[in-house]
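The primary structure of each chain is shown beneath.
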Amino acid sequence: MPPAPEKRSRSQQAPGQSRCLKHVPKASAPPPPAPPSRAASRSALGTAVSAPIPRADRPARCPPQTPLPAGIAPGPAPAPARGPQRRESRPVPPGPGTDPRGRVLAAGVAGRAPVPRGSGTCRRSLGRGPAGPARPRRARASRRFRAPVPRRRIDGAAADMWRPPRRLPRPLRRAAATGPGRPLLISTPIFYANGPPHIGHLYSALLADALLRHRRLRAAGPARLCTGTDEHGLKIQQAAAAAGTSPAELCERVSGLFRQALTQAGVAYTDFTRTSEPRHQRAVRHFWGALRDGGMLYKGAYEGWYCTPEESFLPESQLAERTDAQGRPCKVSLETGHEVHWTKEENYMFRLSAFRDPLQNWLRDNPRAIFPDPFYQCVLRWLDEDLPDLSVSRERSRLQWGIPVPSDPTQTIYVWVDALVNYLSVVGYPESHGTWWPGVHHVVGKDILKFHALYWPALLLAAGLEPPGRILVHSHWTVRGQKMSKSLGNVVDPSVCVGQYGVDGFRYFLLRQGVPERDCDYYDEKVVKLVNSELADALGGLLNRTTAPSINPSNTYPRFSESCFPKVLDSREAKGTGRACAEDYELVAAVTSLPAQVDSYFESFQIYKALECIAQCVRQTNGFFQRHRPWKLDRRDAVEQLWLDTILHITLECLRVYGTLLQPVVPHIADKLLSRLAVGPGERDLSGLIFLARYDGKPCPFEGRQLGPDTGILFHRLGKLETMKKRKQAQVPDKPLL
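Cut-offs applied
Residues numbered from 1 in each chain as written. Predicted model: local features only at pLDDT ≥ 70, side-chain atom pairs only at ≥ 80, totals over all residues. Heavy atoms only, no water. UniProt positions renumbered as here; feature names shortened; annotations may be inferred. Helix = DSSP H or I, 4+ residues; strand = E, 2+ residues; numbered from the N terminus. Buried < 20%, exposed > 50% of the residue type's maximum accessible area, 1.4 Å probe, protein only. Contact = heavy atoms within 4.5 Å. Pairing = 2+ DSSP bridges. Axes fitted to C-alpha atoms, helices over the stretch in contact; angles between N-to-C directions. Core = buried A, V, L, I, M, F, W, Y, C linked by side-chain atoms within 4.5 Å. Expected span 1.5 Å × (residues − 1). Bend = angle between axes of the 7 residues up to and from the residue. Salt bridge = Lys/Arg side-chain N within 4 Å of Asp/Glu carboxyl O.

The name given to the chain in an unreviewed UniProt entry is Methionine--tRNA ligase, mitochondrial, with the source organism recorded as Cyanoderma ruficeps. The heading Catalytic activity (unreviewed entry) in the UniProt record of the chain holds the text "tRNA(Met) + L-methionine + ATP = L-methionyl-tRNA(Met) + AMP + diphosphate". What UniProt records for the chain under Subcellular location (unreviewed entry) is the sentence "Mitochondrion matrix".

See below:
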């Protein structure tokens, strides 16, 4: 007689059942007996591998033709075997514990009979819970990326569509998928088309744009930048209804606003995806079919607190009690403040709970897969918590604006599954994506980290594809310490900012001040102070002084004198060896190492640090120029003329390096600077950037060259804030979108 069923604790919930996001079966069965201890399981497994199982020590065998019961009550999920297992080399003779071919049978789960391999019955689960009973089988090497097969409760309608998950092929490990010379796809999120763009959207795009431009300057291989608009979902359906228009018309309008904003800010995207496009919808349907054919989907009742603005279910731990505008109590998201509603539907579920170990293995094998590190650690912590199965469809009666589930017109594919597949559809999935996938770097905001770092890699593994190469995460922008909100009226329009500060001025501010690890604050005075100081005064002033007719009347790239600036191994030896001092040699050393520093910071997604290093060197160069006061040197003295030419040569070389390194961030300013120095288009790449070649005794191709035509002021200083505010107020505001 089996022991009395135990009451399942909160930590022993079946896979896919969290504390508030619950898969609610239509029928239930009593839970199975308590499983044996882990030690007993390991002992039983070792015995089964080394010898046949005595018939008296195991339950009776289930005939292969026994039909699947209408309801299978899952026991607590057995703990997965960790680490590689040794393959048993000696054959197992046919016996009571084997099939007619001599293969070891898997043990029954929670009192059920053992199941022959290949019988079609689901035997494995990687869900959380105490260790299950021993499962004698022939040991084999572990496959880290193989999608495991969970054990689920099957009943009635669910059994009609359930099929045993097939074993997915192990994706090839390509460690150098994004190495030198290999194609790289850099992506932004596709922006939700329920409202106009703000500076948070532009910041994501500018980060991706700077990475793309930097890679091209390094001649590191083919690269693309994809962006776009996410045009499906309940939020858009509701926004269109509120605006008195159709979802298609709303998306057409908003998508045009995003294109305009990105183009105006100089974002050099190569692909713009709209999820309403036929090519994307075909890719989504094929991806859904791959999940279905792999047995990764099942149908079941689902209920929980649903947040329409975020298009996701939220657990109780992420909710707070508030009152609405009418004073009625309601629940809202802790992070966003959006109201949530209790929702119960019959949806298709994705077996996300089966992918805890594969995701953990992926992250541990690729510690730079998610960057910066605080976000990587955050994802690891998420994987230590409950990982319930994911609802991947909505009832068509609730959501009509979306892609219907293939072969089931009563359901609409979940908007996030739809949106994430854009990273595949843009590279030709399912036919020609292999050239670019998995060499992709996703640039995303921290608010959508879970969708990109948990759901998306799991979905890819389930479909037989590799996870993305890297996920680069950034934080948010606040306005004077407050979160941007339509209700507060503090949403910053990027088009207005570009008009006020200039394209390069606003690009420089966002990339210079934006720190991926923490939220950054925006206000007008901050922008004015930064760009005036570092672009107009420090960089622009240095160029003007170096090329001024009073200082450089010949308008040439002067010659460098080794006698005035001899090479030394240590800057402390500079005393008495020429006209240069120790600070001058420190400048040369700093600018010499600057390209490598900038390259390293771009690779580590710390563009703000790269700009900080450049700004520091610009200040040092201004100090060098001011220290030696070339305007006071006597040109009639040959020795003084040599020193004057050397000062100008070093300063112009520094400016050439700064202009080259700034191209990914402020392309227009960099172009003006390099054109003024007569640096040709073929001389602006980073791979051939050499600073002060004459100092090392090598020829300098620019020495003696005539400078380019005067391009005017490099960057105009921004006026007083009062004037800017008047100009802003004089602008005719756009009509509200909604």
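There's more to say after this.
Student: For the environment of Leu-420, give the residues involved together with the corresponding values.
Tutor: Checked against the element boundaries, Leu-420 lands in helix H9 (residues 415-420). Classification of Leu-420 as buried rests on a relative accessible area of 2%. It is 9.5 Å that separates the C-alpha atoms of Leu-420 and Leu-459, two residues lying 39 residues apart in sequence. Not counting chain neighbours up to four residues away, the residues in contact with Leu-420 comprise Phe-451, His-452, Trp-456 and Leu-459.

Student: Outline the side chain of Asp-408, listing residues and values.
Tutor: By secondary structure assignment, the location of Asp-408 is in strand S15 (residues 408-413). Sequence-distant contacts of Asp-408, that is, excluding residues within four places in its chain, are made with Lys-299 and Tyr-348.

Student: Tell me about the sheet that holds strand S20 (residues 520-522), residues and numbers included.
Tutor: Read across the sheet, three strands follow the order S19-S18-S20 without closing on themselves; strand pairing throughout is mixed. The outermost strands of the open sheet, each flanked by one partner alone, are strand S19 (482-483) and S20. Sheet topology places strand S18 (residues 477-479) next to S20; three bridges connect them, and they run parallel. Directly across from Trp-477, in S20, lies its bridge partner Cys-520. The sheet contacts of helix H13 (residues 503-513) involve S18 and S20, and relative to S20 the element is tilted by about 150 degrees.

Student: Talk me through the nonpolar core; I want residue IDs and the actual numbers.
Tutor: In terms of nonpolar packing, the biggest core is built from 181 residues, with Phe-287, Phe-350, Ile-370, Trp-456, Phe-506, Tyr-522 and Tyr-658 touching the most fellow members. Leave out the neighbours within four places in its chain, and Phe-350 touches Leu-291, Met-296, Leu-297, Phe-355, Asp-389, Leu-390, Val-392, Ala-458, Leu-459 and Ala-462. Formed by five residues, the second largest nonpolar core is a distinct cluster that contains Trp-305, Cys-307, Leu-314 and Val-340.

Student: Lay out helix H15 (residues 582-603) in plain terms, naming residues and giving numbers.
Tutor: Spanning 22 residues, H15 covers 32 Å between terminal C-alpha atoms, matching the ideal 32 Å at 1.5 Å per step. A maximum bend of about 40 degrees is found in H15 at Leu-594, where proline Pro-595 lies one to four positions downstream. Within H15 the residues assigned to the buried category are Asp-584, Tyr-585, Leu-587, Val-588, Ala-590, Val-591, Leu-594, Val-598 and Phe-602. Looking at the buried residues of H15, the elements they touch are helix H3 (199-217), helix H16 (607-628) and helix H17 (638-661). Residue Phe-605 follows H15 closely and has a positive phi angle near 60 degrees.

Student: Kindly report on the pattern of salt bridges, identifying the contributing residues and their values.
Tutor: Two side chains that carry opposite charge are able to pair once their charged atoms sit near each other. Counted according to the given criterion, the structure contains 28 salt bridges. The closest approach of N and O atoms between Arg-218 and Asp-599, which form a salt bridge, is 3.0 Å. Here Asp-599 lies in helix H15 and Arg-218 lies in the loop between H3 and strand S4 (223-230), a separation of 381 residues in the sequence. Classification of Arg-218 by relative accessible area gives partly exposed; the value is 28%. Between Glu-431 and Arg-282 there is a salt bridge whose closest N-O contact spans 2.9 Å. Here Arg-282 lies in helix H6 (residues 278-293) and Glu-431 lies in the loop between helix H10 (422-425) and strand S16 (440-445), a separation of 149 residues in the sequence. When its relative accessible area of 54% is taken as the criterion, Glu-431 is described as exposed. Here the salt bridges share partners, and the residues they tie into one network are Arg-559, Glu-562, Arg-694 and Glu-703.

Student: Break down H3 for me, citing the residues and quoting the values.
Tutor: With 19 residues, H3 extends 26 Å between its outermost C-alpha atoms, agreeing within 8% with the 27 Å of an ideal straight helix rising 1.5 Å per residue. Taking burial as the measure, the 19 residues of H3 include 17 buried ones, the bulk of the element. Downstream of H3 by a residue or two, Ala-219 has a phi angle that is positive, lying close to 50 degrees.

Student: Now, about the sheet that holds strand S13 (residues 393-395): what can you tell me, with residues and values included?
Tutor: Pairing is antiparallel across the open sheet formed by three strands, whose spatial order is S13-S15-S14. Unpaired on one side and paired on the other, S13 and strand S14 (404-405) mark the two borders of the sheet. Where S13 lies against S15, three bridges are found, and the strand directions are antiparallel. Bridge pairing in S15 places Ser-393 opposite Ile-413.

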